[in-house]
Number of protein chains: 2
Amino acid sequence: MSLEQFISNAISPWMKNPGPDDDIVMSTRIRLARNLEDFPFPSSTSQDAARALYKHVYERLSQTSKEMVGKLIWLPMDGLSTIEKTVLVEKHLTSPQFAKESKQGAVVLNNDETISMMVNEEDHLRIQCLSPGFQLSEGYKSADKLDDWIESHVTYAFDEKKGYLTSCPTNVGTGMRASVMMHLPALVTTQQLNRILPAVSQLGLVVRGIYGEGSEARGNLFQISNQMTLGKSEEDIIEELRGVVLQLIERERNTRRELLKHNQLQLADQVHRSYGILANSRIIESKEAGNHLSTLRLGIDLDLIRGIEGNILNELMVLIQPAFLQQFAEQELTADGRDERRATLIRERLKLENIQDGGGET
Amino acid sequence: MSLEQFISNAISPWMKNPGPDDDIVMSTRIRLARNLEDFPFPSSTSQDAARALYKHVYERLSQTSKEMVGKLIWLPMDGLSTIEKTVLVEKHLTSPQFAKESKQGAVVLNNDETISMMVNEEDHLRIQCLSPGFQLSEGYKSADKLDDWIESHVTYAFDEKKGYLTSCPTNVGTGMRASVMMHLPALVTTQQLNRILPAVSQLGLVVRGIYGEGSEARGNLFQISNQMTLGKSEEDIIEELRGVVLQLIERERNTRRELLKHNQLQLADQVHRSYGILANSRIIESKEAGNHLSTLRLGIDLDLIRGIEGNILNELMVLIQPAFLQQFAEQELTADGRDERRATLIRERLKLENIQDGGGET
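Residues numbered from 1 in each chain as written. Chains lettered and ligands numbered in written order. Predicted model: local features only at pLDDT ≥ 70, side-chain atom pairs only at ≥ 80, totals over all residues. Heavy atoms only, no water.

Under an unreviewed UniProt entry, chain A has the name Protein-arginine kinase and belongs to Salicibibacter cibarius. On record in UniProt, under Sequence similarities (unreviewed entry), the comment for chain A is "Belongs to the ATP:guanido phosphotransferase family." The Catalytic activity (unreviewed entry) field of the UniProt record for chain A holds the comment "L-arginyl-[protein] + ATP = N(omega)-phospho-L-arginyl-[protein] + ADP + H(+)". (UniProt positions renumbered as here; feature names shortened; annotations may be inferred.)

Take a look at the structure:
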């Protein structure tokens with residue numbers, strides 16, 4: 001398979017599209033946790049009960065999906081290889097825990113992978129809408145519409161006082177987690193983010209690395225999401241998150257402008273060095289690659305380097321993950337093997353671009 | 001001036017030629033310290049006496065030089081700008097001290113700069129022969145021939161017991177310093193050189209950095225020369241130095257082979273990263289540039305990278321020195337300005353090459 005074909009298959013179609021504020025917000029995600037009445041929660045269920053739940057959901061939704069979301073693809077987890085499962089994690093379509101172990105778990109996807117659903121994860125259903133750039137309201141509208149449609153076919157476990165009932169108490173209420181993936185290299189470099197993060201937490205928001213809970217920030221990418229799901233409406237949660245993200249966007253943009261104004265040459269040096277290393281190394285670890293990709297993306301945004309597609313950071317941050325590398329290599333790889341393959345993939349990918357010096361957006 | 005023209009003017013013609021063992025020995029230098037009878041040593045002389053010495057030497061040698069060494073160029077130091085003087089230092093044609101301050105000092109050069117002479121440095125005459133690669137005997141023969149020719153026109157201060165009398169007692173005797181510039185990246189990387197150096201000192205040899213006494217080693221380049229000038233014949237000094245250098249060449253070559261055998265991928269990674277940084281950085285300090293140039297040169301020698309001229313290390317190590325950069329810029333530069341100009345010069349120089357992957361010489 002050629003690299004172009006591999007990338008075209010590997011990258012979710014929605015990731016290739018532009019979105020609002022996508023110089024800083026890579027993507028927006030809305031996730032709803034839902035459970036069905038009269039079925040035990042997946043955490044305490046037997047294989048048989050889990051199978052019954054899957055069958056119930058599949059029968060109600062699979063034949064009618066076209067009317068609402070177009071054709072859905074149903075992927076039972078036990079039909080997938082370990083690498084295929086990990087690819088779903090790396091595309092943010094399943095959680096790492098779910099890929100490792102699930103009773104009768106399945107992933108349901110629409111054609112461009114903007115809409116997906118896990119069945120038999122921590123909750124019976126985890127509905128997810130992904131969109132490029134900063135699109136909280138639009139994402140929520142899609143998720144809500146999908147939720148309504150699903151609810152018209154199954155009966156949700158719902159309590160008038162508490163709201164949606166969920167497996168883990170932290171999700172009770174709206175069952176919603178809204179999150180935004182932000183690229184904040186200027187706030188990291190100037191060490192402002194360390195001071196901002198405690199304030200963000202106090203506002204009831206959580207900041208995580210690129211692969212969710214417990215994952216380290218890579219490539220200066222941060223996932224910002226609501227902590228609370230109870231006692232607030234979906235609209236309030238969205239509005240509060242939007243307010244904080246807008247402030248972060250503004251601060252990141254101002255800081256980038258300041259950096260460019262006072263340190264253009266130093267910044268250009270870093271950007272071009274990162275390009276030089278990515279385009280030439282023979283071995284590269286995921287963390288180092290992430291840092292250089294972040295710097296390169298910043299250089300593209302600030303017009304310090306030209307001729308490289310803007311979404312190269314998003315694309316390569318996904319492609320350099322272990323499972324993708326193994327899929328590309330068509331074999332299992334050791335950690336050393338992955339570092340070598342990662343360098344090759346980045347090098348080959350950058351050869352498809354035609355870089356030039358930039359003028360600097362001043 | 002185009003970069004090609006600048007380089008062609010800046011690099012001594014002899015540096016462009018290949019030489020024996022020039023994968024490891026960059027150049028060989030023979031220096032003879034000579035003083036004339038009936039003139040006070042330069043260190044204790046007056047301006048008038050220094051002028052008289054210069055006049056005496058110029059009259060005896062300038063008209064007759066063609067018969068022996070071809071046309072000689074006489075460059076009185078007070079006719080040169082600070083940058084021009086420093087260029088002579090960076091080409092190893094004068095000492096840093098001499099460029100800074102001298103009474104009636106002058107540099108005499110032949111056409112390809114293999115033969116040079118300082119007048120009124122620490123000694124009345126410092127004769128120097130430079131050759132590419134490892135050519136101790138050949139270099140000594142040239143220096144000796146030149147010395148004989150000069151002696152046929154002037155009267156040296158010579159003592160039957162002590163030999164040639166010199167300004168500094170450490171040069172009395174043969175007045176000869178033979179030195180070899182070696183590129184020893186494998187011995188440095190494997191930390192063998194630290195263990196070898198004390199043994200080399202015990203054999204009466206001195207190891208210095210690229211710009212002589214007190215200078216730090218840059219680009220893994222080391223100058224190895226004799227310490228003693230008294231009590232040994234020129235031939236003995238040459239033979240002892242040759243023996244040690246041959247051993248160092250063998251150890252460096254063996255270590256390179258071992259590194260390639262066991263760490264080819266890691267080595268290729270370093271070589272290509274060094275290329276990537278040199279070809280892309282916008283700011284680079286002399287020390288960092290030296291290290292990357294050394295790694296790149298090792299990669300060329302080991303066939304890990306192709307399409308780059310082998311003598312790029314020698315050439316660029318000279319060109320990235322402060323005075324050359326200022327000559328290239330046609331203006332005086334601050335340290336920051338030099339770091340920027342250095343990066344530009346290296347980048348532009350590497351654009352003239354057409355790099356390819358190498359197979360690795362296994």
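Caption draft 1: Main features of the packing of aromatic side chains. Inspection of every chain in the model, using the stated rule, returns 10 aromatic pairs over all chains. On the numbers, 4.9 Å between centres and 70 degrees between planes, the contact of A:Phe158 with A:Tyr164 is edge-to-face. Geometry around A:Tyr164 places A:Arg34 over its ring, the cationic atom sitting 3.5 Å from the centre. Across the ring face of B:Tyr156, the terminal group of B:Arg34 is positioned such that the distance to the ring centre comes to 5.7 Å. (Phe/Tyr/Trp six-rings, centres within 6.5 Å; stacked < 30°, edge-to-face > 60°. Lys NZ or Arg CZ within 6 Å of the ring centre and 35° of its normal.)

Caption draft 2: A look at empty space enclosed by the protein. Residues and elements named next belong to chain B. This model, assessed by the stated rule, comprises 6 cavities of 30 Å³ or more. Volume-wise, the second largest cavity comes out at about 70 Å³. Lining of the second largest cavity is provided by Leu-61, Val-69, Leu-72, Val-108, Leu-109, Asn-110, Ile-115, Ser-116, Met-117, Leu-146, Trp-149 and Ile-150. Considered class by class, the residues forming the lining of the second largest cavity number 10 nonpolar, 2 polar and no charged. (1 Å grid on protein atoms, 1.4 Å probe; cavity = no way out; pocket = protein on both sides within 12 Å on 5 of 7 lines; lining within 4 Å. Points joined across faces, edges and corners; volume = space filled by probe spheres on them. Nonpolar A, V, L, I, M, F, W, Y, C, P; charged D, E, K, R; others polar.)

Caption draft 3: Local environment of the interface of chain A and chain B. Contact residues are listed per partner, giving 17 residues for chain A and 17 residues for chain B. The junction of chain A with chain B conceals about 1600 Å² of combined surface from both sides, 55% of it contributed by carbon and sulfur atoms. Inspection of the chain A/chain B interface yields 2 salt bridges. Summed over the shared surface of chain A and chain B, the number is 8 residue pairs in polar contact (both at pLDDT 80 or more). (Contact = heavy atoms within 4.5 Å. Buried area = accessible area lost by both parts, 1.4 Å probe. Salt bridge = Lys/Arg side-chain N within 4 Å of Asp/Glu carboxyl O. Polar contact = N/O pair within 3.5 Å; in protein donor to acceptor, adjacent residues only side chain to side chain.)

Caption draft 4: Layout of the relation of the copies chain A and chain B. With an axial shift of 0.0 Å and an RMSD of 0.0 Å, the rotation relating chain A to chain B amounts to 180 degrees. One copy is carried onto the other by what is essentially a two-fold rotation axis. Minimal C-alpha distance to the rotation axis in chain A is attained by A:Gly276, lying at 2.0 Å. When the interface residues of chain A are mapped onto chain B, 100% of them again lie at the interface, so the same face is used by both copies. (Least-squares fit on C-alpha atoms with pLDDT ≥ 70 in both.)

Caption draft 5: Highlighting the environment of A:Arg256. Residue and element names in this part refer to chain A. Mapped onto the elements of the fold, Arg-256 is located in helix 9 (residues 234-280). When its relative accessible area of 3% is taken as the criterion, Arg-256 is described as buried. Those residues within four positions of Arg-256 in sequence are excluded, and the remaining contacts are Asp-23, Ile-24, His-183, Pro-185, Ala-186, Leu-298, Asp-301 and Leu-302. Here Asp-23 takes part through its backbone oxygen, which lies 3.3 Å from a polar atom of the side chain of Arg-256. (Helix = DSSP H or I, 4+ residues; strand = E, 2+ residues; numbered from the N terminus. Buried < 20%, exposed > 50% of the residue type's maximum accessible area, 1.4 Å probe, protein only.)

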